[in-house]
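# Structural features, examined
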Amino acid sequence: MFSIARLLFRVLSTLCTSVAIYIILLVAKEIRYRVAAKKAGCSTPVRYLHKDPIFGIDLFVRRAKDMKAGNSMATDREILDMYGKTVLTNNFGTKQYITMDSANMQTVLATEVDRFGNAPLNYKMCKPFLGEGIITFDGPQWKHSRQLLNPVFARAQVAELSSFEVHLRKMISQIPRDGSTVDIQPLCKMLFLDSSTEFIFGKSANSLDTESNNTIARRLSIVFDEALQTMFMRYMLGNLKFLVGGGHNGKWKKTCGEVQSIIDGFVSEEYERQAVASKTGKEDDVGTPYKYVLLKELVRSTDDRILVRNELMNVFFPARDTAGILTSNIIFLLARYPAVWKRIRSEVQNFGDQKLTFESLKTLKYIHYVMNETLRLQTPVGGSWKTCISQCILPHGGGSSGQEPILLQPGDEVRMSFTPMHTDPEIWGKDAAEFKPERWVGLKQSWNFIPFMGGRRICPAQQNVYTDVAYILVRLAREFKAIENRDEQFEYVDNIVFVRESKNGVKVAFIPV
């Protein structure tokens, strides 16, 4: 009995000593920070009052509850509303600044972009799944990946709409014409799955083809979502990411392996195809109208199959769902605001039977207002993280007003919260929470609206998304005179599969012309 009590005493003593040392180190670190901040002419950051000041677990719990309730941005909104537009929080022992301040975001993404990186956070969180590529790299490696990717979204590629029409026609054919209810969200996601696999792999998944039994394509979509959900949880857990997806034989690792195996199949098939073409001297039949297919170009440039797979994974991840969810979110809102759909149809009728091209679609101003307004209110991507890699000053976030400059040091994280900024009444007016496409009349692009990010890391697919989504809306407007809401839930309830989508789907009815 005595030995057990003695052992417990030693364990408790060691634990208390460790905690005391940890607190002393934190205090010393804070003193050094304040000295450095004063020397740099910066103020003390506005701080979130944690219930758990050591690890900040209370903030994680709040966000987890938000996600379960279908309102993933609620905590960020509440904190920023209470403390100001930039707030210092504790993310499992790492200093993380939440910001909705456009000047701070411009600093991070543009004016001081070299002082911030994706790799410190993304590499740790994403590498087991996505490998090494444009999402997990910084510096020269990122630049190389970006140069490989840019031709995929060049104007000539974006303007190629004949293939997209084939996939869209299949989607529209699955919309009931008798006014019965359809969940359009999965159809929109399948549309962009088919489209993105064609311009990335040179071969469509054809998930919308009802006569096809493409189990690989359907399985890819399912396991990709499963892997993304765990990857998002790793981001939420920060330094405690090992709690999910850990171990060489963990469920997440197996899911990642299954996705990678499917992509490897595409890669091997292309290597074999090009080897046959080289031996026979015959030109490889690309089977797609796209002049630049990423997989084909990568195979031509390297024998490293892992490198090819990694680059493909890093592109397929953002290309697969974002535009599809944006499209279904637009339809979600149009079903609840019939007057907006009526105006879209009026614009399309005035447009007449003109051929739908990259140039002609840009003239449809009201449709672009609708797309921007949806991105403002219900963007699939509500924010982004960056890590400070060299000492930097953000213009706002310090002092009693929160408007004085603050010092960031290497290792500090910045959580840029787009949605609160996109609905800030100080920027958008008292009706900021309302769906009003007309507010975009005369508005110019600024750092107050960055659904595709900004600076050198701006999404290269931005014009592709606008073109494809506008194309869909015109085609739907020509065939359906009304879109009716068939969901008892009027408000948007979100579900996080790394990006935000409607938890309840988008249940609507289309009324033919």
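Here, every reference points to the structure presented above.
A brief structural summary. (Residues numbered from 1 in each chain as written. Predicted model: local features only at pLDDT ≥ 70, side-chain atom pairs only at ≥ 80, totals over all residues. Heavy atoms only, no water.)

### Quick word on the pairing of strand β5 (residues 383–388)
The condition that has to hold: Each residue gets one of three labels from its accessible area relative to the maximum for its type: buried under 20%, exposed over 50%, partly exposed in between, using a 1.4 Å probe on protein chains only. Helix and strand labels come from DSSP, where a helix needs a run of H or I of at least four residues and a strand needs a run of E of at least two; each type is numbered from the N terminus. A pair of strands is treated as paired once DSSP finds two or more bridges between them.
Across the six residues of β5, five count as buried, placing the element largely inside the fold. In terms of strand pairing, strand β3 (residues 116–117) meets β5 through two bridges, oriented antiparallel. Each bridged residue has a counterpart across the sheet, and for Phe116 the counterpart in β5 is Cys388. Across five bridges, β5 lies against strand β8 (residues 413–417) in antiparallel orientation. Among the inter-strand pairings, Lys386 is bridged to a residue of β8, identified as Val414.

### Considering the sheet that holds strand β9 (residues 480–485)
The strand order across the open sheet formed by three strands is β4-β12-β9, and the pairing between neighbours is antiparallel. Of all the strands in the sheet, the pair left with one neighbour each is β4 (182–183) and β9. When β9 meets strand β12 (residues 507–512), the two strands line up antiparallel, connected through five bridges. When the sheet's bridge partners are listed, Ile483 is paired in β12 with Phe510.

### Side note on the environment of Lys39
Mapped onto the secondary structure, Lys39 falls in helix α1 (residues 2–39). Sequence-wise, Lys39 and Leu407 are 368 residues apart; in three dimensions their C-alpha atoms are separated by 9.9 Å.

### What about the pairing of strand β6 (residues 392–398)?
With five of seven residues buried, β6 lies mostly within the body of the structure. Bridging between β6 and strand β7 (residues 404–408) involves four bridges; their strand directions are antiparallel. If you follow Ile393 over to β7, its bridge partner there is Leu407. Counting the residues that bridge the hairpin from β6 to β7 gives five residues, and of these Gly399 lies at a positive phi of roughly 75 degrees.

### A word on the environment of Leu191
For Leu191, the location among the structural elements is in helix α9 (residues 184–201). Given a relative accessible area of 0%, Leu191 falls into the buried group. Taking C-alpha positions, Leu191 is 6.5 Å from Leu168, a pair spaced 23 residues apart along the chain.

### Considerations on the side chain of Asp66
Condition: Charged residues are defined here as Lys and Arg on the positive side and Asp and Glu on the negative side; His and the ends of the chain fall outside this count. The rule for a salt bridge is simple: a side-chain nitrogen of Lys or Arg has to be within 4 Å of a carboxyl oxygen of Asp or Glu. Contact criterion: two residues are considered in contact whenever any of their non-hydrogen atoms come within 4.5 Å of each other.
Positionally, Asp66 belongs in helix α2 (residues 57–69). Salt bridges are absent for the buried Asp66, whose nearest opposite-charge side chain, Arg62, sits at 5.8 Å. If we skip the residues at most four places from it in the chain, Asp66 touches Asn71, Ser72, Ala74 and Thr75.

### Examining the nonpolar core
Applicable threshold: We call a set of buried Ala, Val, Leu, Ile, Met, Phe, Trp, Tyr and Cys residues a nonpolar core when their side-chain atoms join them within 4.5 Å.
Formed by 113 residues in total, the largest nonpolar core has its most connected members in Phe129, Ile184, Met231, Leu312 and Phe510. The biggest single contributor to this core is helix α13 (residues 305–336), with 15 residues. Non-local contacts of Met231, meaning those with residues more than four positions away in its chain, are made with Met125, Cys126, Phe129, Leu130, Trp252, Phe317 and Phe498. Formed by 28 residues, the second largest nonpolar core is a distinct cluster that contains Tyr48, Leu407, Leu408 and Phe418.

### Remarks on the sheet that holds β8
Rules: Each axis is a line fitted through C-alpha atoms, taken for helices only over the stretch in contact, and angles between the N-to-C directions span 0 to 180 degrees.
Pairing is mixed in the open sheet, where five strands are placed in the order β1-β2-β8-β5-β3. Only two strands of the sheet have a single neighbouring strand rather than two, namely β1 (86–91) and β3. Most of the contacts of helix α5 (residues 119–130) go to β5, to which it runs at about 115 degrees, and overall it touches β3, β5 and β8.

### Notes on the packing of aromatic side chains
We count it as follows: Working definition: rings of Phe, Tyr and Trp (its six-membered ring) pair if their centres are within 6.5 Å, and the pair is stacked with planes under 30 degrees apart, edge-to-face with planes over 60 apart, and tilted otherwise.
All chains considered together, the criterion is met by 24 aromatic pairs. Aromatic side chains Phe452 and Tyr466 sit 5.5 Å apart centroid to centroid with 55 degrees between the ring planes, which places their arrangement in the tilted category. Here Phe452, found in the loop between α18 (425–428) and α19 (462–479), pairs with Tyr466, found in helix α19; they are 14 residues apart in sequence, far enough to count as distant. Exposure class is identical for Phe452 and Tyr466. Each is buried.

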